[in-house]
Amino acid sequence: MTITTVLDTPLLADPADVPANPSRYRVLTGDRPTGPLHLGHYFGTLVNRARLQRQGVETYLVVADYQVITDRLSPGEIAANVREVVLDNLAAGVDPERTTIFAHSAVPALNQLLLPFLSLTTVAELQRNPTVKDEAASAGIAAISGLLLTYPVHQAADILFCHGNLVPVGDDQLPHVEQTRLIARRFNERYAGGRVVFGEPQALLSPAPRLLGVDGHKMSKSRGNAIALKATPDETARLIKRAVTDAQRTVTYDPVERPGVSSLVLLASLCLDSDPSDVAASVGGRGSAALKALVTEAVNEELRPVRARRAELAAEPGLVESLLAAGARRATEVATSTLDEVQAALGMTY
């Protein structure tokens, strides 16, 4: 498929244009395999991936195994976590017939793009990147490693290796997309004599608001405050039962003044496809216990088919491995072609 490259595009994509003109776009998205995915991923990214795929947008999904060690001392069970991430995506509706799914480490040509891209980025720019600082702070890192510092350049390579021009992100990830656009622009100017080798990708902001974990903080695998997609109904009920609320009996939707209660209301509204204020009104003066019961039922019903599908997929021997192998072959073919373009622009044709 030929992707139209347009220069001087705005940072934010027009969400209405994507379903209207899906052939104009190629999406790069992905997950770090630090554990099974949870409800925050489901409503924040997985549902959106499946929707873009249905709309006919070509999609590449990278399981970013190298990025696991950007902000942690131990890699953990990477191979097992890669499998978990793939199963979660498949169960949520990602179709490997229409989406190229691959592990970062399986495509060496992709990583070779880091060298020329690093030459186009200053240390000062990397140090100013707010997302790098936030990642370090959330991981409790006192000293930022070279890998974490160059994390935005890794993401640029992930996006540009397939000439991706649409990147679904939350607003906290916009600095990464801006850095990628800057690298693309500088490569064209410095190494390609103004010829367009890389277009400037656009960000597609996720329509889903952020969910809090059951402890009232950002939902995170590392904090143990998230409801995994593969959790059982009983595990889900136990987690929701200990969710942080407040002393007021009447349930209202007020994210600023009542973040814990409002996050539960929001979660129920996403599962029920209802307005959060209507969900809050339906509980009214029956208190937090009634709200938690409603949320538990709504979440378990929403995830029931996802969990059933996941169990079926997990029981198929060699399924994940074969999908990753096929995806790696496809991604390697594309990355090698792009690397050839880069090396030709650099005069590295021997």
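Residues numbered from 1 in each chain as written. Predicted model: local features only at pLDDT ≥ 70, side-chain atom pairs only at ≥ 80, totals over all residues. Heavy atoms only, no water.

(A) The arrangement of the overall build of the protein in detail. When helices and strands are counted, the protein shows 15 helices and 5 strands. Summarising its shape, the C-alpha atoms of the protein cover approximately 75 × 45 × 45 Å along the three principal directions. Contacts in the protein between residues far apart in sequence, at least 24 positions, make up 77% of those at least 6 positions apart. In the form shown here, the protein has an accessible surface area of approximately 16,000 Å², with 54% of it arising from carbon and sulfur atoms. If you average the places of the 34 positive and of the 39 negative side-chain charges in the protein, the two averages end up 3 Å apart. (Helix = DSSP H or I, 4+ residues; strand = E, 2+ residues; numbered from the N terminus. Contact = heavy atoms within 4.5 Å. Areas by Shrake-Rupley, 256 points an atom, 1.4 Å probe, with all protein chains shown as cover. Lys, Arg positive; Asp, Glu negative; His and termini not counted. Charge placed at Lys NZ, Arg CZ, Asp CG, Glu CD.)

(B) Layout of the nonpolar core. Of all hydrophobic cores here, the largest spans 47 residues; its most connected members are L39 and Y42. Those elements that provide at least two residues to this core are helix 2 (39–54), strand 2 (58–63), helix 3 (78–91), helix 11 (233–241), helix 12 (259–272), helix 13 (276–283), helix 14 (287–314) and helix 15 (319–345). Looking at this core, the element that brings in the most residues is helix 14, giving 8 residues. Y42 has contacts with V47, A92, L229, E302, L303 and V306, leaving out every residue within four places of it along the chain. Judged by nonpolar contacts, the second largest core, of 36 residues, contains V107, L113, F161 and V167. (Core = buried A, V, L, I, M, F, W, Y, C linked by side-chain atoms within 4.5 Å. Buried < 20%, exposed > 50% of the residue type's maximum accessible area, 1.4 Å probe, protein only.)

(C) Inspection of the side chain of R26 at higher detail. Turning to its location among the elements, R26 is positioned in strand 1 (residues 26–31). Under the relative-accessibility criterion, R26 is labelled buried at 10%. Within polar-contact distance, the side chain of R26 engages the side chain of E58 at 3.1 Å. (Polar contact = N/O pair within 3.5 Å; in protein donor to acceptor, adjacent residues only side chain to side chain.)

(D) Structural detail: the pairing of strand 5 (residues 202–205). Relative to strand 5, strand 4 (residues 166–169) is paired through 4 bridges, and the arrangement is parallel. Residue V169 lies in a different strand from strand 5, and its bridge partner there is L205. In this fold, the crossover linking strand 4 to strand 5 by way of helix 10 (residues 174–190) has right-handed handedness. (Pairing = 2+ DSSP bridges. Right-handed = clockwise from strand over helix to strand, strands pointing away.)

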